[in-house]
Amino acid sequence: MGEAGDVARSVVAQFRRDGFVAPESAERTEFEVWDRTTPGRVLLVALQTLLMLRAEDGRSDLGRPVRGLDEEEAGLMLRTLLGDATAVPETSRRDLITLDRLLGLLASVIAEESMSEEEVDALLEAAEESCRAVGPWDESDDRRPLGGELVDLGGLLVPTEPGLKIELMSSREDGSIVGVTVIRGRTAIQLQAFRALGDTSWATVREDLARTIRGRGGSAEERFGPAGTELQAVVRVQGPPGKDRQTARVLGHDGPGWILRGFVSGVGAEPDSTEEWPYVTFQGTVVRPPSAPSADDPLIRLRWPESGV
């Protein structure tokens, strides 16, 4: 088990022993940091795994109450953790998924299932491995899946399949390729990669982007989605009254020295959308950082594929 799994195991043991989250456990867990493998993410995936196994057996509720959660709140959390998109907005509005509640649910299920320490360790180890097996990927990462068709755009290798349309985005200044848009039906995801300079991360980019959107008359709220922490936003665009706003989801991921950003628009960006393919595309994308990056340009440039698009 890796470092994140070891910390997750000690946090679970401390909570089961004491019945509350100790300050040092809260700090070590890095809860709500979803853009890399943290102990908090391992705990979340472990709980989701247990709940899904129970649901497959026809058990979609808890057998015992959880301290700090009434029946309705517990039901909302369970539905959200099991992937029910209709429960997400209310769960997010009430800020129900907190570390203490998550650990309360996890401890409750562990107790109800009469899991041994060895079984709990195996669960956390599998959860950690699952966290590490999800992209986006750096080209040098030997854990990335080798199956599936990828369009080689130089700085990005993007998953493709029948029914997807790919359009490249050019810079108005010099005509270079600065991003790619993948389209299916009435949904699109725009992908751009940047080098992470200084203390830049998806968290800092997300904060700046939310501030900018709000400053221009739009709205932006953080939420947890299939690709980690994202922005659910309404962006001001040019157009007549009533058509001057666009709903969007903004995804992001921290890689080794780079950040990948995905801008989902159209039907798939609506709060109640359950479209999965934009997330599958985002998480299947491979980033190829330049071997000789520009000193003052963080954008990872792309190129036309040799076979065309």
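Everything quoted here is computed from the prediction, not taken from an experiment. (Residues numbered from 1 in each chain as written. Predicted model: local features only at pLDDT ≥ 70, side-chain atom pairs only at ≥ 80, totals over all residues. Heavy atoms only, no water.)

Undergrad: Help me understand unusual backbone geometry, please; the structure alone is not making it clear to me.
TA: Trans is the common state for peptide bonds, and a negative phi is the common state for residues other than glycine. Even without being glycine, Glu30 reaches a positive phi, approximately 55 degrees. Residue placement: Glu30 occurs in the loop between helix 2 (23-29) and helix 3 (39-56). You will see that Ser114, though not glycine, has its phi angle at about 55 degrees, which is positive. Relative to the assigned elements, Ser114 resides in the loop between helix 6 (99-112) and helix 7 (117-132). Take Ser114: its relative accessible area is 62%, and that puts it in the exposed class. (Helix = DSSP H or I, 4+ residues; strand = E, 2+ residues; numbered from the N terminus. Buried < 20%, exposed > 50% of the residue type's maximum accessible area, 1.4 Å probe, protein only.)

Undergrad: Hey, could you run me through the pairing of strand 10 (residues 258-266) in this one?
TA: Consecutive side chains of a regular strand alternate in pointing toward one face of the sheet and then the other. With 9 bridges joining them, strand 6 (residues 187-195) and strand 10 adopt antiparallel strand pairing. Looking across to strand 10, one finds that Arg195 is bridged to Trp258. Where strand 9 (residues 245-255) lies against strand 10, 8 bridges are found, and the strand directions are antiparallel. Residue pairing in the sheet places Val250 in a bridge with Phe263 of strand 10. In this structure, the hairpin formed by strand 9 and strand 10 is closed by a connection of 2 residues, where Gly257 is found at a positive phi of approximately 85 degrees. (Pairing = 2+ DSSP bridges.)

Undergrad: Would you explain the sheet that holds strand 3 (residues 156-159) in this entry?
TA: Remark on secondary structure: sheet strands pair via backbone hydrogen bonds, oriented parallel or antiparallel. Strand order in the open sheet made by the 4 strands is 1-11-3-2, with mixed pairing throughout. Single-partner strands in this sheet number two, and they are strand 1 (137-138) and strand 2 (150-152). Across 2 bridges, strand 1 lies against strand 11 (residues 286-287) in parallel orientation. When the bridges of strand 11 are listed, Trp137 appears paired with Val286.

Undergrad: Where do I start with the layout of surface pockets in this structure?
TA: A probe matching the size of a water molecule, rolled over the atoms, marks out where space remains unfilled. Of the pockets and cavities examined, the largest pocket occupies roughly 1,300 Å³. Lining the largest pocket are 40 residues, and of these Gln48, Phe224, Gly225, Pro226 and Ala227 lie nearest its centre. Here the element with the most residues in the lining of the largest pocket is helix 3; it accounts for 6 residues. Here the residues of the lining of the largest pocket sort into 18 nonpolar, 13 polar and 9 charged. (1 Å grid on protein atoms, 1.4 Å probe; cavity = no way out; pocket = protein on both sides within 12 Å on 5 of 7 lines; lining within 4 Å. Points joined across faces, edges and corners; volume = space filled by probe spheres on them. Nonpolar A, V, L, I, M, F, W, Y, C, P; charged D, E, K, R; others polar.)

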